[in-house]
Amino acid sequence: MKRLLRWVVALGALLYGRMLRRRREKRERRRIVPAGTPERSAENLVLALLGVATLFAIGFIVAYAEYSPRSLPNELLGICLGMCFLFIAAALAVVAKRLVVTEELEDKYPKVHEEEQLQVAEIVHESGGRITRKRLLMGAGAAAGGALAAALGTPAASLGPVWHTAPLDQSPWRRGKRLVDEDDRPYSADTIEQGSFYTAFPEGADKDRLGAAVVVVRLDPNGLQLPAARATWAPEGIVAYSKICTHAGCAIALYRKPTFPTLEPHAALVCPCHYSTFDPARAGAVIYGPAGRPLPQLPLLIDDAGMMRAGGNFSGPVGPSWWAVRDHKAD
Amino acid sequence: MSARTRLVAVAALVLFVGTGVALAQPQSGIVRPTFEPSAPSVQLGAELYAGNCATCHGIDGSGVSTPRRGAGGVLGAGPPLRRVGALAPDLYLRLGYMPLSSIHSEPESERVLLSDKEIRSLVAYVASLGAGPGIPHPAPSTGGISEGVHLFTEHCAGCHQVLARGGFVTGARVPPLQTVSPTQIAEAVRVGPYLMPRFSAGEISDSQLNSIIKYILSTRHPDNRGGWGIGNIGPIPEGLVAWWIAAPFLLFTCRVLAKRFRG
């Protein structure tokens, strides 16, 4: 411990000595760039521009947090970010044109030389000689940059448990809801044939809701590989999954079914938009394509009259997995 | 050895190996009975079946569930045909889907190797193996295009594309519907060939099927509003064309601007 302290003291002394020497060297050297006349109006302009940029960056964060398709247009996000960049660029342009003292170079650009490199560093340093409120300007720059960084980092919050995601699990499906077709005719178990696929909706619910449509297929019960917790979800081998692709929210409109399973690709639900392919026999697992998570499965029941009914809600949130997903209420 | 003898030897070798290969691959052609009756008959069908189908579909359409070597050492496996009726064989044979060159290949509409008489004989034979659905007789003229486009978009366009130009499903190609007959479309909907799902009359009624067929027939001469259909296969070629025209134009504009500012 003591040894460490000694090291720290030694390092501090070394840095202090270095600083003193730098200062002495600087005082001895004559100016290269003439001291410019301070321009307070330009400084004010830069401060204002950076301030506006900061406000736009904060605006992005607010718009992101408050986004919903009904109240705030998503274009606002792009406008905020774009304007933030625009005002930072304008501020930098004003700094370059009106605050930094410029020096005309008459000779050809000199070859790299150590002494001259030091000179260049000094030129850069002295160029700021016109600025009178250095700290304030630096502060404004840091505020704008920091706000922009925060704005860019904001979407990462969607990954965590910061915002409530309970609405995602809502759907019109309840235990005992009958499965009906597009014309509200209830499905009976024996109308579900192997090799075909059916779109079903919860009885009495709005069919346009994201969580309403399910795709129903009958598979060979011996070929099912559902997790143990879902063992009762597929009576007679009939399974139901959300019809909304978990990638970008297209309808799962393709059912690939083998005529001769021994030699042909096995049954799969395919989304026609980007070819995300899901395995209905293995709880909707993704077997190909850009989808990041399995299709939510709907537990099924067959009642005493032989009609198809839901056994509960979906196994997970319905719909595409993207940043604004929490605002597309499932029910 | 002189040049001429060498040439003759090579020619003989090629001929010998060639015939050997041809003998080892009886599946590349159709095995025909020596005596052919003038009219289609179940008897002719049975003989054609035994020569060309039984390796994969088994004796009397019993099916071969696991791949095994049949006549001529050809690997065979296929679904049973006991209850398929006339519907499926008529579709598969008239499209040229069967006989397959290899059990692992995807059935595709190639050359139809059988004559019409042979097809009718085979269909009659397979239909005689067990009770099954018959060949449908669609009447597309009674359908409605507006209903057809709605149903086609819902049930078919995901794979076959909205103008029935075909496409892909993961693991297989999807055929275009530009050359198939109305009967074949109706058959395919009820059979569900290869990876296509089957649609029963409860899902797509016969009258709805007529509308779908009427729509498919109408896609063969689409109304190209832009003047150029670009294959009628959707946004990708459209985007390509836009970029091939837009990109050079933008580059040209950039150059003009840069020249002006430099000068």
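Look up a bit, the structure's there.
Source: prediction; values computed, not measured. (Residues numbered from 1 in each chain as written. Chains lettered and ligands numbered in written order. Predicted model: local features only at pLDDT ≥ 70, side-chain atom pairs only at ≥ 80, totals over all residues.)

Quick notes on helix α6 (residues 145–155) of chain B
In step 1: All of the buried residues in α6(B) are Gly148(B), Leu151(B), Phe152(B) and His155(B). The arc that holds every buried residue of α6(B), seen down its axis, measures 100°, which confines them to one face. (Buried ≥ 20, exposed ≤ 12 C-beta atoms within 10 Å, placed from the backbone. Helix = DSSP H or I, 4+ residues; strand = E, 2+ residues; numbered from the N terminus. Arc of directions from axis to C-beta.)

A look at the packing of helix α2 (residues 40–66) of chain A against helix α3 (residues 75–99) of chain A
For any two helices packed against each other, the geometry is given by the interaxial angle and the distance between the axes.
Residues and elements named next belong to chain A.
In step 1: Across the interface, α2 lies against α3 with an axial gap of 8 Å and an inter-helix angle of 165°. One finds that α2 runs roughly antiparallel with respect to α3. Classified by chirality, the crossing of α3 by α2 is left-handed.
In step 2: In the contact of α2 with α3, the residues fall into 25 nonpolar, 1 polar and 2 charged. (Axes fitted to C-alpha atoms, helices over the stretch in contact; angles between N-to-C directions. Parallel < 35°, antiparallel > 145°, perpendicular 65-115°, else oblique. Left-handed = near helix turned anticlockwise from the far one by under 90°. Nonpolar A, V, L, I, M, F, W, Y, C, P; charged D, E, K, R; others polar.)

With respect to the interface of chain B and chain A
In step 1: Across the contact, 23 residues belong to chain B and 23 residues belong to chain A.
In step 2: For the side of chain B that touches chain A, the secondary structure elements donating two or more residues are β1 (64–69), β2 (75–78) and α7 (157–160) of chain B.
In step 3: Of the residues in the side of chain B that touches chain A, the class split is 11 nonpolar, 10 polar and 2 charged. (Contact = placed C-beta atoms within 7 Å.)

Concerning the sheet that holds strand β9 (residues 297–298) of chain A
By definition, the strands of a sheet pair up through backbone hydrogen bonds, in either a parallel or an antiparallel sense.
All names here are of chain A.
In step 1: Within the open sheet, the 5 strands sit side by side as β1-β2-β3-β4-β9. Their pairing is antiparallel. Edge positions in the open sheet fall to β1 (179–180) and β9, since each of these has one partner strand only.
In step 2: Sheet analysis places strand β3 (residues 214–218) next to strand β4 (residues 238–242), joined by 5 bridges and oriented antiparallel. Looking at β4, one finds that valine 216 is bridged to alanine 240. (Pairing = 2+ DSSP bridges.)

Structural notes on the environment of Pro89(B)
Residue and element names in this part refer to chain B.
In step 1: Here proline 89 lies in helix α4 (residues 87–95).
In step 2: Here the alpha-carbon distance between proline 89 and valine 123, two residues 34 residues apart in the chain, equals 5.6 Å.
In step 3: Not counting the four nearest positions on each side in its chain, proline 89 is found in contact with Val84, Leu122, Val123 and Val126.

Considerations on the pairing of strand β8 (residues 285–288) of chain A
Residue and element names in this part refer to chain A.
In step 1: Relative to β8, strand β7 (residues 277–279) runs antiparallel, the two sharing 3 bridges. Paired with threonine 277 across the two strands is tyrosine 288, which belongs to β8.
In step 2: Two successive antiparallel strands, β7 and β8, enclose a turn made up of 5 residues, where alanine 283 displays a positive phi of approximately 60°.

From the geometry alone we can't say anything about function, so treat these as descriptive.
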